[in-house]
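Understanding the architecture of this molecule
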Amino acid sequence: MTTQGVFRRKPIDQIAEDNGDGLTRTLGLWQLTAIGIGGIIGAGIFSLAGAVANKTAGPAVLVSFLIAGVASAAAAFSYAEFAGLIPKAGSAYTYGYAVLGEIVGWFIGWDLLLEYTAIVAVVAIGISGYFTELLSLLDIHLPQWMLGAPGTETGDVAAGTYKVNLFAVLLCLLIAFVLNMGMKNAARFETTLVYLKIAVVALVIVVGAFHINTDNYNPFFPFGISGALTGAATVFFAVFGYDAMSTAAEESKDSQKHMPKAIIYSLAVSMVLYVLACLVLTGMVNYKDVDSESAFATAFADIGLPALGIIISVGAILGITTVLFTFLLGAARVGFSMSRDGLLPPWFAKTHPVKHVPSRITWVLGIASAVIAGFLPIAEAAELTNIGILLAFVVVCVAVIVLRYKQPDLPRTFRTPGMPVVPVIGIIFSIWLITFLNPETWLRFAAWFVIGLIIYFAYSKRHSVMERRSTR
């Protein structure tokens, strides 16, 4: 039934028969969609759009988001097909394991553990910056020792003073705590914040639309077509999140029907809001004058609406917090699935007897993200992200093609359109984006890869559930 050795595959019908090991199915379609939107909309609107408009694409930042959205949709369709076919936790890890073999699944899971955890840390650091700015607007000033990681001193800090980004640390731990409240309560928390975030974005779009000066759209491509393409590579990292949401398949009430819809809906809603927000921003302010760090707050302050800028800052803090929730959820479910399959120690797969969530792995990853957020500058933390997610996209797009031709008669509740062209677009675009990553990212990835290789052959291969089944 399975290929022997490191490329042995876990049969899809066997995956479907496995029980949830304590997880409970509580998430409906709109809660899943909210988790997806929570992971997609965040810094992309509140800061990244302004930075790309100002330095890379000008008003064509709109085109950058559209290109990135199309490329992301190519991968999203592949994820949606698998989500309907394999309604189990783990997302890309589980899909890769089932189609391409155990060692492929292991490395995707191993990479995503680092990537998702690092994203949580990076976003927490970003929110900490917004929080500090908001306090300064309210004339509240905190001690310098708690405002940043070592090496980020900006004020008078005494020699030898212990430095930590305390707010970022507490935020990571808070999200871990929320996720351990039980999925029903945690999803309610996430959904509430997503609604608030959408309301703030809608407020920005509606009010800003009355202050658009169409002259600001000329020239539309001040940096040329190449600027828009480069911008697409940058903003691509603002248009995924559905991949982390799909790790919660075992906690969906009807995963095979709801998960594919939630993936598509979350990306569609997010792209509409991104496009409208970009139109408003570059229409209100000439791209040369867009603030790279707090674009909308500054734009509204410039037109005489500073109070709205404060509301936007609060909305940004609340809104970007949802990104933490989605990616820590994703990291915990990937780790839970790997542990359940025997590739990590079974201790991590134990679920809380009352809350029915993988509390151990959630706390471990929450603490890890807190350490990264507290003691690494944002630039160094950010270098831990991106490559693993892009490789996961490649694996999922390849796997959906392979499985479609190997087992075309499997009961799919969603089928990727334009097969195999659409998945190939996802593969090409992901590989192209990988070429934009700097050498330091590759070195860190290589080091993490080697560590994973050692762990796999020293522990995971021998303790794999598939190994024990094949031995019996």
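A few points on the structure. (Residues numbered from 1 in each chain as written. Predicted model: local features only at pLDDT ≥ 70, side-chain atom pairs only at ≥ 80, totals over all residues. Heavy atoms only, no water.)

Describing the overall build of the chain
For the record, the criterion: Segments assigned H or I by DSSP are reported as helices when at least four residues long, segments assigned E as strands when at least two residues long, and all are numbered from the N terminus. Any two residues having at least one pair of non-hydrogen atoms within 4.5 Å are treated as being in contact. Reported accessibility uses the Shrake-Rupley method at a 1.4 Å probe radius. Residues are deemed covered only where the shown protein chains occlude them. Charge assignment: positive for Lys and Arg, negative for Asp and Glu; neither His nor the chain ends contribute. In this description, the location of a charge corresponds to atom NZ of lysine, CZ of arginine, CG of aspartate or CD of glutamate.
Of regular secondary structure, the chain possesses 19 helices and zero strands. For the chain, long-range pairs separated by at least 24 residues make up 83% of all intrachain contacts whose partners lie at least 6 apart in sequence. Accessible surface, the chain: about 18300 Å² in total, of which carbon and sulfur atoms supply 67%. Put simply, the chain has 29 plus and 28 minus side-chain charges, and the middle of one group is 13 Å from the middle of the other.

Some points on unusual backbone geometry
Selection rule: Throughout this description, buried means an accessible area under 20% of the type-specific maximum (1.4 Å probe, protein chains only), exposed means over 50%, and partly exposed covers the range between.
In the segment running from Asn-218 into Pro-219, the intervening peptide bond is cis, with an omega of 0 degrees. For Pro-219, the location among the structural elements is in the loop between α8 (183-209) and α9 (224-235). Here the phi dihedral of Ser-91 falls at roughly 55 degrees; this positive angle occurs in a residue that is not glycine. On the secondary structure map, Ser-91 appears in the loop between α4 (61-85) and α5 (92-100). Since its relative accessible area comes to 1%, Ser-91 is described here as buried.

What to know about the pattern of salt bridges
Here is the rule we go by: Salt bridges, as used here, are contacts in which a Lys or Arg side-chain nitrogen is within 4 Å of a carboxyl oxygen on Asp or Glu.
On inspection of all chains with the given rule, the structure shows seven salt bridges. One salt bridge connects Arg-404 with Glu-81, and the closest N-O pair in it is separated by 2.6 Å. Of this pair, Arg-404 sits in helix α16 (residues 387-406) while Glu-81 is found in helix α4, placing the two residues 323 residues apart along the sequence. Glu-81 matches Arg-404 in its accessibility class, with the two residues each being buried.

Section: the side chain of Thr-322
Following the sequence through the fold, Thr-322 ends up in helix α13 (residues 306-340). By relative accessible area, Thr-322 is classed as buried at 0%. Thr-322 has contacts with Gly-38, Gly-39, Ile-41, Glu-190, Leu-193, Val-194 and Lys-197, leaving out every residue within four places of it along the chain.

A word on helix α17 (residues 421-434)
Under the convention used in this document: Multiplying 1.5 Å by the helix residue count minus one yields the expected span of that helix.
Over its 14 residues, α17 extends 20 Å from the first C-alpha to the last, a length consistent with the 20 Å expected when each residue adds 1.5 Å. For α17, the full list of buried residues reads Val-422, Pro-423, Gly-426, Ile-427, Phe-429, Ser-430, Leu-433 and Ile-434.

Examining the packing of aromatic side chains
Where we set the bar: In this analysis, rings of Phe, Tyr and Trp, with Trp reduced to its six-membered ring, are considered paired at centre separations within 6.5 Å, and the interplanar angle assigns stacked below 30 degrees, edge-to-face beyond 60, and tilted for intermediate values.
In the structure shown here, the tally under the stated rule is 26 aromatic pairs. Measuring from ring centre to ring centre gives 4.6 Å for Phe-65 and Tyr-274, while their planes differ by 20 degrees; the resulting arrangement is stacked. Remark: Tyr-274 occurs in helix α11 (residues 255-284) and Phe-65 occurs in helix α4; sequence separation between them is 209 residues. Assigned by exposure class, Phe-65 and Tyr-274 land together as buried. Here the aromatic rings of Tyr-456 and Phe-457 are separated by 5.1 Å at their centres, their planes lie at 85 degrees, and the arrangement is edge-to-face. Looking at Tyr-456, the relative accessible area reads 0%, which means it is buried. Aromatic ring contacts, followed pair by pair, group Tyr-79, Phe-82, Tyr-95, Tyr-116, Phe-236, Phe-240, Tyr-242, Phe-327, Phe-393, Phe-429 and Trp-432 into a single cluster.

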